[in-house]
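# Inside the fold
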Amino acid sequence: MLRTPSGGTGSPGATGAEGRLVSIGTVLNLLREEFPEVTISKIRFLEAEGLVEPQRTPSGYRKFSTEDVERLGCVLRMQRDHYLPLRVIKEHLEARARGEAPQLPAPAKPRDAALLADHGQEAGPDAVIDEAAVLAGAGLGAPVPSPAARLGREEMLSATGVTESELVEWESYGLVIAHPDGGFDADAVAVARLVADLGRFGLEPRHLRVMKAAADRQAGLVEQVVAPLRRHRNPQTRAHAEATTRELATLSVRLHAALVQAALHAGSH
């Protein structure tokens, strides 16, 4: 549990002595008491999104105050417990800074957590790729939620922070696909959030068609490998097909991340 004098939103948080400035490595260790999956890359990403503004030494090193660590704890807690987009979290914190008392939605249930988990990662040549988060966000290797776990259209718009016109456009490009019953599953929620994040950098749906095509080809390759196993009469062999699918999905995501990083590094030299 994060230990801070005031604890931020929800529950007590963790930092050094009040008024003391600490390094990003110390912040990471303090936050990991409550948020074991947090990374330095994630902290840098939240800084880039304007959710925390640490001081800088003359040599450029980040130095975080007690308030900075508490604020990071608030952000991570709102992501974990309420599954809010970073834009909404930032607006909430800004409202609190103005002396307002904005209300947060009730914490999501465990089943909703699996559906709406937010795995925003920092993008860049030096980013640390959290493969587990990428896989969870993409829904690869995970069972499709039951109809009860799907979101309706209005719920989808609320959960992702996008407009109806944006969602319609993404559907027209095949980036977000609703279930025949009109609901949106974990995959659709994850894709919508990522498309929205990329849109902030000027990438439009038409630019993302190449990514969709690449993903479809990757899925096709996986299917070619596991299709014979799925058709087998032996239940154990069919079960092995699902395990193979998950393993191939993991390897595919890792390869894609490595290739992107390699290309970015090559382009920066």
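Residues numbered from 1 in each chain as written. Predicted model: local features only at pLDDT ≥ 70, side-chain atom pairs only at ≥ 80, totals over all residues. Heavy atoms only, no water.

## Thoughts on the overall build of the chain
Quick note on the threshold: What counts as a helix is a DSSP run of H or I of at least four residues, what counts as a strand is a run of E of at least two, and both are numbered from the N terminus. The contact rule is simple, with two residues in contact once any of their heavy atoms fall within 4.5 Å. Surface accessibility in these figures is a Shrake-Rupley result with a 1.4 Å probe; residues are shielded only by whichever protein chains are displayed.
In terms of regular secondary structure, the chain is built from 11 helices and 2 strands. Each helix (α) and strand (β) of the chain, taken in turn from the N terminus, gives the series α-α-β-β-α-α-α-α-α-α-α-α-α. Within the chain, contacts between residues at least 6 apart in sequence are counted, and of these 58% link residues at least 24 apart. As displayed, the chain has an accessible area near 15300 Å², and 57% of this comes from carbon and sulfur atoms.

## Points about helix 3 (residues 66-82)
Note the cut-off: One less than the number of residues in a helix, times 1.5 Å, gives the span that helix is expected to have. Residue exposure (1.4 Å probe, protein chains only): buried if accessible area is under 20% of the type maximum, exposed if over 50%, otherwise partly exposed.
In a regular helix each residue adds 1.5 Å, so 17 residues correspond to 24 Å; helix 3 covers 24 Å between its end C-alpha atoms and thus fits that length. In terms of burial, helix 3 is a largely internal element, 13 of the 17 residues being buried.

## Focus: the packing of helix 7 (residues 153-160) against helix 9 (residues 186-199)
Operational definition: Convention adopted: a line fitted to C-alpha atoms gives each axis, helices being fitted over their contacting stretch, and angles between N-to-C directions are expressed from 0 to 180 degrees. Each angle gets one of four labels, with under 35 degrees taken as roughly parallel, over 145 as roughly antiparallel, 65 to 115 as roughly perpendicular, and the rest as oblique. Here is the rule for handedness: rotate from the far helix to the near one, and if that takes an anticlockwise turn smaller than a right angle the crossing is left-handed, while a clockwise turn gives right-handed.
Relative to each other, helix 7 and helix 9 sit at 45 degrees, their axes nearing to 10 Å. Taken together, helix 7 and helix 9 sit at an angle that is classed as oblique. In the packing of helix 7 onto helix 9, the handedness of the crossing is right-handed. The residues of helix 9 that touch helix 7, namely those facing Met 156, Ala 159 and Thr 160, are Ala 188, Val 189, Ala 192 and Arg 193.

Any link to function would need more than the numbers given here.
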